[in-house]
Amino acid sequence: MPVAIFKDIYHQTVDSGMDVFVLPRKYNKKYAVVGVKYGSVDNEFIVPGKDESVVVPAGIAHFLEHKMFDEEWGNAFERFSQLGASANAYTSYTVTAYLFSATEGFWESFELLLDFVQQPYFTPESVEKEKGIIQQELMMIEDDPERKMFSSLLQGLFQRHPVRIEIGGTVDSIAKITPELLYDCHRTFYHPANMAVCVVGDVDPDEVTKRVRQDLQGRSYEPQGEIRRIMPTEPPEVYRPQVETQMLVSRPRLGIGFKEVGPPLKGKDLLRRETATNLLLQAILGRSSSLYSELYEAGLIDDQFGLRYYASEHFGFTMIEGETEAPDVLYQRIAEGLAKARDEGVTLAELERLRKKTIGRLINAFDSSDYVANSVLGCHFEGNSLGDYLDVLQDLTLADLEERWRHLDPKGAAASIIRPME
Amino acid sequence: MEREFQDHLLPNGIHLHTYSTDRFKTVLCKLYIHQPLGPKAGATALLPFVLRRGSRAYPTLRDIARRLEELYGAIFSADVVKFGERQLIEFSLAVPEEEVLGVSGLLDEALSTLAEVICYPLLEGDGFNQEYFRQERELLLRKIDGLINDKPRYAMQRLFEEMCPQEPFGIHKYGSKEEIEGLSAASLFEHYQQVRQGQSDLFIVGNVTHSQVEEAVQQAFADGWRSQEFPPVSQGTPRGGEEIKEEQDVNQGILAMGMRTPVTYGEEDYPALLFYNGILGGFPHSKLFMNVRERASLAYFAFSRLEATKGVLAASAGIDVNEYEKARDIIKKQVDALAKGDISDEEMEATRRGLIHRQLTISDDPGGLVGNHLLGLINNRIRPQAELIDQLGQVTREDVVRVAQGVQPDVTFFLCGPREREGN
């Protein structure tokens with residue numbers, strides 16, 4: 001397969017351990033993202049050099065992401081806007097990222113990006129004020145049936161792992177956040193050795209590295225030991241096999257989840273697990289499967305029906321979800337369909353077709369600078385790369401897919417149902 | 001800068017627009033069929049969903065899905081979109097570029113697949129396949145019921161309905177349930193035959209040349225497309241800030257304040273209108289974000305959105321259900337400030353940079369390029385990127401104030417919750 005597009009990504013590790021990735025391309029837009037390997041699941045950790053673990057309120061990584069834009073001189077988000085750049089940030093289970101895109105004055109914005117993520121500035125007043133904004137954000141999720149279904153499902157699936165808690169935390173947990181706690185989290189996780197930067201656009205990779213180096217030279221980082229993240233041991237059993245919520249919606253929504261029960265994996269092994277699971281899901285329930293057609297023709301699903309496997313070192317889960325008139329019937333039919341598909345197995349022709357499809361989709365995604373930059377960082381933090389992804393995809397065998405049936409065991413399943421209010 | 005779109009009317013009646021660039025690894029093909037937004041909106045909306053269910057050569061959903069997977073996971077979608085008072089059926093197909101894969105003929109196959117689904121539907125008796133029709137009609141009706149599930153978008157649609165009860169713009173892109181319930185497989189097919197004689201534009205963006213795809217498109221698509229004239233958008237009477245509240249059991253209230261703009265996309269002052277929307281609520285430095293969110297902490301989102309084909313603007317914020325008056329007054333104050341010329345140099349320049357940035361990034365996104373060119377075609381005013389960027393560079397505060405003074409308040413809509421009711 002002559003697809004080498006992801007092999008041309010430049011990578012260098014500079015002083016204090018910061019990883020720099022650059023993909024030059026002739027776009028008007030230059031896109032830069034700084035990622036921190038720190039997300040909503042990192043709620044208990046041992047600060048390097050200390051003996052005891054610290055437990056922080058749920059939602060603090062996301063709260064910190066909001067507050068990082070505050071600087072003594074003003075607001076960085078607004079500053080990007082003044083420079084004509086478009087900035088944003090997000091917090092996932094495992095990563096916090098700050099990004100911008102610019103068509104002019106890229107370097108000024110780039111320096112601002114590097115600077116503001118390393119400059120915490122919190123006051124009791126600004127922290128209190130942010131609670132109001134984040135409360136509205138949490139309320140918005142409460143009113144969104146898709147997200148509500150998702151968070152309820154994770155609460156049903158996991159007993160102890162913090163992935164079961166909403167990324168933004170809860171109104172009660174964020175109430176406990178103080179400037180001191182935010183400073184502690186920043187000091188622990190926002191160290192260059194725990195961060196990486198990726199730039200996609202019409203730039204010289206050496207220039208990017210030079211700028212990062214110059215920025216880091218001005219700051220006196222001590223080498224940091226390992227941050228020990230304490231993850232609870234998650235039992236294989238689900239917490240609740242079925243969670244139901246009533247909402248003001250027009251029709252019910254069903255989410256079926258499967259918890260990953262395999263051992264923690266990193267790097268290419270994790271990527272192989274992820275890719276094999278996704279292809280198996282596609283073969284069983286993808287658009288070209290007989291099960292999908294049956295469910296669609298029976299009026300049980302619509303074109304928004306989705307499947308996905310989420311993979312990380314310490315947790316993983318499959319999510320099958322969509323709106324439906326009859327969630328209980330749909331759950332039953334999918335369970336039966338899975339059992340039948342397991343008996344029948346996946347054919348080599350199906351695997352080849354899905355491999356072809358996945359390669360095509362990857363090429364399509366490559367055109368999006370945002371996708372490339374964020375995936376580069378996401379892969380990096382899990383110990384692999386986009387180039388590895390293509391390798392894994394090309395090497396994948398039917399046996400790899402077969403092995404993944406272990407994950408789709410009905411015993412590790414939970415369902416989340418949203419029902420219209422009566 | 002690259003060449004803009006090349007436009008050409010083919011013998012089969014399709015208007016072909018190609019944008020030749022080697023920057024993308026994917027080739028994007030998008031076909032639009034134009035219809036006036038009106039009493040047949042529901043039938044028009046149902047068509048793409050019935051068509052993508054099966055064709056002569058690919059009679060089932062599964063046949064089409066397999067075909068697309070064979071084409072390296074070609075991304076296919078079918079829907080309707082609305083620009084001003086025009087409703088358009090939109091088919092989209094994206095395939096990897098042949099060079100990257102080292103294959104040939106992929107684009108031709110993709111185009112013929114697209115044409116097959118659009119031009120050669122699976123028929124039964126004197127109409128569409130009954131099962132497909134029945135199932136897709138049901139799904140569309142549910143989709144309409146489901147609009148209520150996305151509260152911010154729902155509030156926006158309700159606002160437009162209240163603003164434009166007598167204008168086509170008030171009609172949702174999926175039409176009304178009453179109309180759709182009255183359709184049959186035969187009547188929909190009749191509508192299809194009429195639509196098939198309408199205006200159609202096919203856009204192709206990627207590493208292709210115009211002459212190379214011209215023949216493939218002419219070969220693949222059946223004849224019969226015709227160019228059409230459409231009436232200009234209708235004029236309504238703004239309702240002077242009249243307040244309409246709708247109560248639902250929501251955790252968060254959504255405020256949507258509607259306004260009419262004195263300028264539309266095709267007019268000279270359009271760049272100044274972009275500034276107006278940008279300064280009011282298009283950016284993080286904008287008045288709405290700064291005052292509703294950052295200063296008053298009332299909302300997570302606060303923005304304004306411009307529909308320049310119709311000439312309407314909506315300011316929206318998701319707020320605590322008890323903060324309606326406060327949020328409304330802050331938003332009104334920002335609108336008044338613009339009309340009074342209370343615009344700082346910083347606001348002007350940040351908005352200028354932001355607008356130019358947005359224009360420039362359009363050429364990095366195949367879908368953005370298509371959307372932009374389509375907008376020009378619908379408004380009978382092609383605005384080449386370089387020209388618009390140049391104009392954005394010259395807009396002055398006076399230009400913005402002139403536009404601001406012509407902005408008229410229309411309906412203010414509030415989706416409120418039960419807590420608000422208790423408070424009263």
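For clarity, every value in this text was computed on a predicted model and none was experimentally measured.

Points about the packing of helix H12 (residues 348–366) of chain A against helix H2 (residues 61–70) of chain B
- Close contact between H12 of chain A and H2 of chain B brings their axes to 8 Å; oriented N to C, the two are set at 65 degrees. In this structure, H12 of chain A uses Arg353, Leu354, Lys356 and Lys357 of chain A to contact H2 of chain B, whose residues at the interface are Arg66, Glu69 and Glu70 of chain B.
- Its residues assigned to classes, the contact of H12 of chain A with H2 of chain B comprises 1 nonpolar, no polar and 6 charged.

Digging into the packing of aromatic side chains
Residues and elements named next belong to chain B.
- Counted by the stated rule, this structure contains 37 aromatic pairs over all chains.
- Geometrically, the ring pair formed by Phe49 and Tyr174 is edge-to-face, given 6.1 Å between the ring centres and 65 degrees between the ring planes. With Phe49 in helix H1 (residues 41–51) and Tyr174 in the loop between helix H6 (151–163) and helix H7 (177–181), the pair connects residues that are 125 residues apart, well separated along the chain.
- On the basis of relative accessible area, Phe49 is assigned to the buried category, the value being 3%.

Things to note about the domain arrangement of chain A
Residues and elements named next belong to chain A.
- Splitting chain A by domain gives domain 1 (5–229) and domain 2 (242–420).
- The C-alpha centroid of domain 2 is placed 28 Å from the C-alpha centroid of domain 1.
- On the domain 2 side, the residues contacting the 45 residues of domain 1 number 44 residues.
- Summed over both partners, the interface of domain 1 with domain 2 comes to about 3600 Å²; 75% of that surface belongs to carbon and sulfur atoms.
- On the domain 1 side of the interface with domain 2, the three residues burying the most area are Phe6, Met149 and Leu157, jointly 21% of the side's total.

Looking at helix H7 (residues 179–189) of chain A
- The complete set of buried residues in H7 of chain A reads Pro179, Leu182, Cys185, His186, Thr188 and Phe189 of chain A.
- Looking at the buried side of H7 of chain A, the elements it contacts are strand S3 (30–36), strand S4 (44–46), helix H1 (60–67), helix H4 (124–142), strand S10 (195–201) and strand S11 (228–229) of chain A.

A short note on the environment of Asp144 of chain A
- Looking at the element boundaries, Asp144 of chain A is found in the loop between H4 and helix H5 (145–157).
- Note: C-alpha distance between Asp144 of chain A and Phe305 of chain A (161 residues apart in sequence) is 17 Å.

A closer look at the interface of chain B and chain A
- Chain B puts 61 residues into the contact, and the matching count from chain A is 62 residues.
- Along the contact surface separating chain B from chain A lie 6 salt bridges.
- Two residues, Lys357 of chain A and Glu69 of chain B, come together in a salt bridge whose shortest N-O distance is 3.8 Å.
- The tally of links from chain B across to chain A stands at 29 residue pairs in polar contact (both at pLDDT 80 or more).
- Sorting the residues of the side of chain B that touches chain A by element identifies H2, strand S5 (86–96), helix H3 (98–101), helix H5 (130–145), helix H11 (287–295), strand S11 (299–307), strand S12 (312–319) and helix H13 (345–362) of chain B as the ones contributing at least two each.

Side note on the side chain of Thr44 of chain B
Residues and elements named next belong to chain B.
- Positionally, Thr44 belongs in helix H1.
- Classification of Thr44 by relative accessible area gives buried; the value is 1%.
- Only 2.8 Å separates the side chain of Thr44 from the side chain of His191, close enough to count as a polar contact.
- If we ignore the near neighbours within four places in the chain, the residues touching Thr44 are Gln35, Val80, Gln87, Ile89 and His191.

Quick look at the sheet that holds S11 of chain A
Residue and element names in this part refer to chain A.
- One open sheet accounts for 3 strands, arranged S5-S4-S11; its pairing is antiparallel. Unpaired on one side and paired on the other, strand S5 (53–55) and S11 mark the two borders of the sheet.
- The sheet contact formed by S4 and S5 spans 3 bridges and is antiparallel. When the bridges of S5 are listed, Glu44 appears paired with Val55.

Details of the nonpolar core
All names here are of chain B.
- Leu202, Ile204 and Phe221 are the most contacted members of the largest nonpolar core, which totals 125 residues.
- The biggest single contributor to this core is helix H4 (residues 106–119), with 9 residues.
- What Phe221 contacts, discounting residues up to four positions off in sequence, is Asn12, Ile14, Leu31, Leu111, Leu114, Ala115, Ile118, Cys119 and Leu202.
- The next biggest cluster of nonpolar side chains, apart from the first, holds 65 residues, and it includes Phe203, Leu255, Leu313 and Ile343.

Some words on the sheet that holds strand S1 (residues 10–13) of chain A
All names here are of chain A.
- Across the sheet, which stays open at both edges, the 6 strands sit in the order S1-S2-S10-S3-S9-S8 with mixed pairing between neighbours. Looking at strand neighbours, the two that pair on one side only are S1 and strand S8 (86–91), the edges of this open sheet. For this sheet, the mean inter-axis angle between neighbouring strands, taken without regard to orientation, is 15 degrees.
- Here S3 pairs with strand S9 (residues 96–102) via 7 bridges, running antiparallel. Within the sheet, the bridge partner assigned to Ala32 lies in S9 and is Phe100.

Some points on the pattern of salt bridges
- Applying the stated criterion across every chain yields a total of 63 salt bridges over all chains.
- Across the pair Lys177 of chain B and Asp145 of chain B runs a salt bridge whose closest N-O atoms are separated by 2.8 Å. In this pair, Lys177 of chain B sits in helix H7 while Asp145 of chain B sits in helix H5, placing the two residues 32 residues apart along the sequence.
- Residue Asp145 of chain B is classed as partly exposed on the basis of its relative accessible area, which comes to 33%.
- Several salt bridges share partner residues, and in doing so they unite Arg251, Arg253, Asp302, Glu321, Glu323 and Glu325 of chain A together with Glu138 and Arg142 of chain B into one network.

Points about the confidence of the model for chain B
- The pLDDT averaged across chain B works out to 94; a share of 98% of its residues lies at or above 70.
- Across residues 420–424 of chain B the pLDDT falls below 50, and counting only partners more than four positions away or on other chains, this stretch makes 5 contacts in the model.

Some words on the layout of surface pockets
All names here are of chain B.
- Taken as a whole, the second largest pocket spans an internal volume of roughly 560 Å³.
- Lining the second largest pocket we find 26 residues, and of these Arg86, Phe230, Pro231, Ile378 and Asn380 sit closest to its centre.
- Looking at the lining of the second largest pocket, the elements that each hand over two or more residues are strand S3 (26–36) and helix H14 (366–378).
- Broken down by element, the lining of the second largest pocket gets its largest block of residues, 3 residues, from H14.
- Taken together, the residues of the lining of the second largest pocket sort by class into 11 nonpolar, 10 polar and 5 charged.
- Looking at which domains feed residues into the lining of the second largest pocket, each of domain 1 (6–220) and domain 2 (243–423) gives three or more.

A short note on the environment of Trp405 of chain A
- Inspection of the secondary structure assignment puts Trp405 of chain A in the loop between helix H15 (398–403) and strand S16 (413–420).
- Between the C-alpha atom of Trp405 of chain A and that of Leu280 of chain A, which follows or precedes it by 125 residues, the distance is 8.3 Å.

Quick notes on empty space enclosed by the protein
- As enumerated under the stated definition, the model contains 3 cavities of 30 Å³ or more in all.
- Each pocket or cavity is described by its volume, and for the largest cavity that value is around 50 Å³.
- Considering the residues around the largest cavity, the lining is formed by Tyr296, Asp302 and Asp303 of chain A together with Phe49, Arg52, Glu136, Leu139, Leu140 and Lys143 of chain B.
- Here the lining of the largest cavity gets 4 residues from one element, more than from any other, and that element is H5 of chain B.
- Tallied by class, residues from the lining of the largest cavity come to 4 nonpolar, no polar and 5 charged.
- Here the second largest cavity defines a volume of roughly 40 Å³.
- Lining the second largest cavity, in full, are Ile33, Leu47, Leu51, Ile89, Ile118, Tyr192, Val195, Arg196 and Trp225 of chain B.
- Listed by contribution, the elements that provide at least two residues to the lining of the second largest cavity are H1 and helix H8 (185–195) of chain B.
- Residue composition of the lining of the second largest cavity, by class: 8 nonpolar, no polar and 1 charged.

About the thresholds
- Residues numbered from 1 in each chain as written.
- Chains lettered and ligands numbered in written order.
- Predicted model: local features only at pLDDT ≥ 70, side-chain atom pairs only at ≥ 80, totals over all residues.
- Heavy atoms only, no water.
- Axes fitted to C-alpha atoms, helices over the stretch in contact; angles between N-to-C directions.
- Helix = DSSP H or I, 4+ residues; strand = E, 2+ residues; numbered from the N terminus.
- Contact = heavy atoms within 4.5 Å.
- Nonpolar A, V, L, I, M, F, W, Y, C, P; charged D, E, K, R; others polar.
- Phe/Tyr/Trp six-rings, centres within 6.5 Å; stacked < 30°, edge-to-face > 60°.
- Buried < 20%, exposed > 50% of the residue type's maximum accessible area, 1.4 Å probe, protein only.
- Domains from an automatic or database assignment.
- Buried area = accessible area lost by both parts, 1.4 Å probe.
- Salt bridge = Lys/Arg side-chain N within 4 Å of Asp/Glu carboxyl O.
- Polar contact = N/O pair within 3.5 Å; in protein donor to acceptor, adjacent residues only side chain to side chain.
- Pairing = 2+ DSSP bridges.
- Core = buried A, V, L, I, M, F, W, Y, C linked by side-chain atoms within 4.5 Å.
- pLDDT = per-residue confidence, 0-100.
- 1 Å grid on protein atoms, 1.4 Å probe; cavity = no way out; pocket = protein on both sides within 12 Å on 5 of 7 lines; lining within 4 Å.
- Points joined across faces, edges and corners; volume = space filled by probe spheres on them.

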